[in-house]
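Examination of the molecular architecture
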Amino acid sequence: QVQLVESGGGLVQAGGSLRLSCAASGRTFSNYAMGWFRQAPGKEREFVAVIMWSGGSTYYADSVKGRFTISRDNAKNTVYLQMNSLKPEDTAVYYCALSKSARLIFRFQSQREYDYWGQGTQVTVSS
């Protein structure tokens, strides 16, 4: 089993920044992907970004491209989401997820590709 624990959420004004962390523990895999999703009130959960653990390739949703950066620390088994120039529409619960599968990176936009999920962390951006 794998446990994912997110942290770093909070309240920030529009234009501000936050950095989310997701620490993975338990069983490890040689090649996997870790992604961030978010769910705003009354909306479906949506893809934000993904990083391939081996190689570090990344892929972003258009809505966050140029503002958010996903990165990883192999030694700490932790993935980060640096969020800059935050907007009120970024307000959501942010979830990290891990996929054991090998796929073309754009496939990881789908929630179905992920095997483990964290509990989520709230991000609120005030206008």
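Residues numbered from 1 in each chain as written. Predicted model: local features only at pLDDT ≥ 70, side-chain atom pairs only at ≥ 80, totals over all residues. Heavy atoms only, no water.

Where burial is concerned, most of strand 9 (residues 92–99) is hidden: seven out of the eight residues are buried. Pairing of strand 4 (residues 33–39) with strand 9, which is carried by seven bridges, proceeds in the antiparallel orientation. Bridge pairing links Met-34 to Leu-98 in strand 9. Bridge analysis of strand 9 against strand 11 (residues 121–126) gives three bridges, and the strand direction is antiparallel. Bridge pairing in strand 11 places Ala-92 opposite Val-123. Looking at chain direction, strand 9 and strand 10 (residues 116–117) are connected through two bridges and run antiparallel. Directly across from Leu-98, in strand 10, lies its bridge partner Tyr-116. (Buried < 20%, exposed > 50% of the residue type's maximum accessible area, 1.4 Å probe, protein only. Helix = DSSP H or I, 4+ residues; strand = E, 2+ residues; numbered from the N terminus. Pairing = 2+ DSSP bridges.)

Through backbone hydrogen bonds, the strands of a sheet pair up, either in parallel or in antiparallel fashion. Pairing within the open sheet is antiparallel, and its four strands lie in the order 1-3-8-7. Bordering the open sheet on either side are strand 1 (2–7) and strand 7 (68–73), each of which pairs with just one other strand. The sheet shows a mean angle of 15 degrees between the axes of neighbouring strands, taken without regard to direction. One ladder, built from six bridges, connects strand 1 with strand 3 (residues 18–26); its direction is antiparallel. Counted as the bridge partner of Ser-7 is Ser-21 from strand 3. (Axes fitted to C-alpha atoms, helices over the stretch in contact; angles between N-to-C directions.)

Applying the stated criterion across every chain yields a total of one disulfide. Bridging Cys-22 to Cys-96, the disulfide has an S-S length of 2.0 Å. On the sign convention where negative means left-handed, the S-S torsion of about 50 degrees between Cys-22 and Cys-96 marks this disulfide as right-handed. Separated by 74 residues along the polypeptide, Cys-22 in strand 3 and Cys-96 in strand 9 bring together distant segments of the chain. On the accessibility criterion, Cys-96 (0% relative accessible area) is buried. (Disulfide = S-S within 2.5 Å.)

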